[in-house]
Structures are given as structure tokens and as C-alpha cells.
Amino acid sequence: MTRAVVIHCLDHARAAMAAAAALGAEVTLVSAPAAAAYAGAGWFLEAIAIAAAEHPTARAVAVLDCGDRPGLVLGALRRGCRAVRFTGRGRALARLQAIAKRYGAVRYGELGPQPLRHAGGTAPPPDNGARNAFVHKAFVFEIT
């Protein structure tokens, strides 16, 4: 099973990629909840690109969390994000599924269940029950 690691900064991405390379394992790098809203797709893509360049043998999938905002999903796809997370439901989810398919989505579904690790040895805040489970409740669109 691929390990999911929450990254909050470039150093977290670097640490997760270094560990994946050292272990010969694949890792799923998941941005912090709703990071697309405050950090943006550009920052996320650049952080992943830098970490990947520094650890070329690491195998990783990077998932940008867009929360429940369909516009952030669309923007992330346009910017080149290959995997995005969306927590919304209903008509917005159905429409995003169709759009993701046009972008070449070959697999989309729930990310999880799998344990989340916080990069850099950081533990989630004590009141973080909802965030600890967030990987289990989101639809992920993966583009190839």
C-alpha cells in the first residue's frame, strides 16, 4: 500500500521524497486541507517539482486538496495538477467527473483508507479529528 503523507511546505515534500527514494517505495504526497485556496496550484506544483528533481528515483503521486470548491479543482487541472482532491458532492461532483474525464482522467475515486503521516515528524494538532480522517472522505481525480 502507498503511504500518504501530508505536506505543508517544500521541506516536507523533500523529506517525503527522500524517504521514498531511500526505501524504494511509492509515496502519495497530499497537500494540507484546502491548500489550493491559500497556497495555490502553482506553489504546490513547484514544490513537488523541486523535491522530485532532488530525488529522481523517488516514486510519488502528488494530490492537491481543493476542499469543496469546484473552481479550485478546475484551476488546478488547468495549471497541470495531475491529481486533485475534492470534498464536494452532488451536481458539482458529477460535473467535475465529466470535466476530469475530458482532461484524461483514467481513475477517480476515494483516496483511502490509509493512514496519514505528517511530514517532518510533525503530529497533527490534538483537535484534528476531522482532518485526520479527511483522506477517507474525498473524491480524487487522477490524470495521466
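Residues numbered from 1 in each chain as written. Predicted model: local features only at pLDDT ≥ 70, side-chain atom pairs only at ≥ 80, totals over all residues. Heavy atoms only, no water.

Participant: It is not clear to me how the pairing of strand β1 (residues 3-7) should be interpreted in this structure. Could you clarify?
Facilitator: On a regular strand, each side chain points to the face opposite its neighbour's, so the side chains alternate between the two faces of the sheet. Of all 5 residues that make up β1, 4 are buried, and the element is covered over most of its length. Examined bridge by bridge, β1 and strand β2 (residues 26-31) share 5 bridges and lie parallel to one another. Across the sheet, the residue bridging to Val6 is Val30, located in β2. In terms of handedness, the path from β1 via helix α1 (residues 10-23) over to β2 forms a crossover that is right-handed. (Buried < 20%, exposed > 50% of the residue type's maximum accessible area, 1.4 Å probe, protein only. Helix = DSSP H or I, 4+ residues; strand = E, 2+ residues; numbered from the N terminus. Pairing = 2+ DSSP bridges. Right-handed = clockwise from strand over helix to strand, strands pointing away.)

Participant: Help me understand the nonpolar core, please; the structure alone is not making it clear to me.
Facilitator: What tends to happen in soluble globular proteins is that the nonpolar side chains get buried as a cluster. Counting residues in each nonpolar core, the largest one holds 27 residues, and the members touching the most others are Ile7, Leu29, Leu64, Cys66, Val73, Ala76 and Val84. Leave out the neighbours within four places in its chain, and Leu64 touches Ser31, Ala35, Ala36, Ala41, Phe44, Ala76, Cys81, Ala83, Val84 and Arg85. (Core = buried A, V, L, I, M, F, W, Y, C linked by side-chain atoms within 4.5 Å. Contact = heavy atoms within 4.5 Å.)

Participant: Would you mind showing me how to read the pattern of salt bridges here?
Facilitator: Should the charged atoms of two oppositely charged side chains come close, the side chains can pair. Under the criterion given, the structure shown has 3 salt bridges. When the shortest N-O distance is used, the salt bridge between Arg14 and Glu54 registers 2.8 Å. Separated by 40 residues along the polypeptide, Arg14 in helix α1 and Glu54 in helix α3 (residues 40-54) bring together distant segments of the chain. Overall, Arg14 belongs to the partly exposed group, its relative accessible area being 27%. Judged by relative accessible area, Glu54 falls into the partly exposed class, the value being 39%. Across the salt bridge formed by Asp65 and Arg85, the nearest N and O atoms sit 2.1 Å from each other. Here the residue Asp65 occupies a position in strand β3 (residues 59-65), and Arg85 occupies one in strand β4 (residues 83-86), the gap between them amounting to 20 residues. For Asp65, a relative accessible area of 0% gives the class buried. With relative accessibility at 4%, the residue Arg85 sits in the buried group. (Salt bridge = Lys/Arg side-chain N within 4 Å of Asp/Glu carboxyl O.)

Participant: Please clarify how unusual backbone geometry should be interpreted in this entry.
Facilitator: Excluding glycine, most residues fall at negative phi; most peptide bonds, likewise, are trans. Positive phi, normally seen in glycine, also occurs at Ala34, with a value near 60°. Looking at the element boundaries, Ala34 is found in the loop between β2 and α2 (35-38).

Participant: Mind showing me how you'd approach the packing of α1 against α3 here?
Facilitator: Helices that pack against each other are described as a pair by the angle of their axes relative to one another and the distance between those axes. One way to put it is that α1 packs onto α3 with a least axis distance of 9 Å and a crossing angle of 35°. For the pair α1 and α3, the crossing hand works out as right-handed. Note on element contacts: α3 touches α1 through Trp43, Ala47, Ile50, Ala51, Ala52 and Glu54, opposite Leu10, Ala13, Arg14 and Met17. Here the residues of the contact of α1 with α3 sort into 8 nonpolar, no polar and 2 charged. (Axes fitted to C-alpha atoms, helices over the stretch in contact; angles between N-to-C directions. Left-handed = near helix turned anticlockwise from the far one by under 90°. Nonpolar A, V, L, I, M, F, W, Y, C, P; charged D, E, K, R; others polar.)

Functional significance is not addressed by these values, which are geometric in nature.
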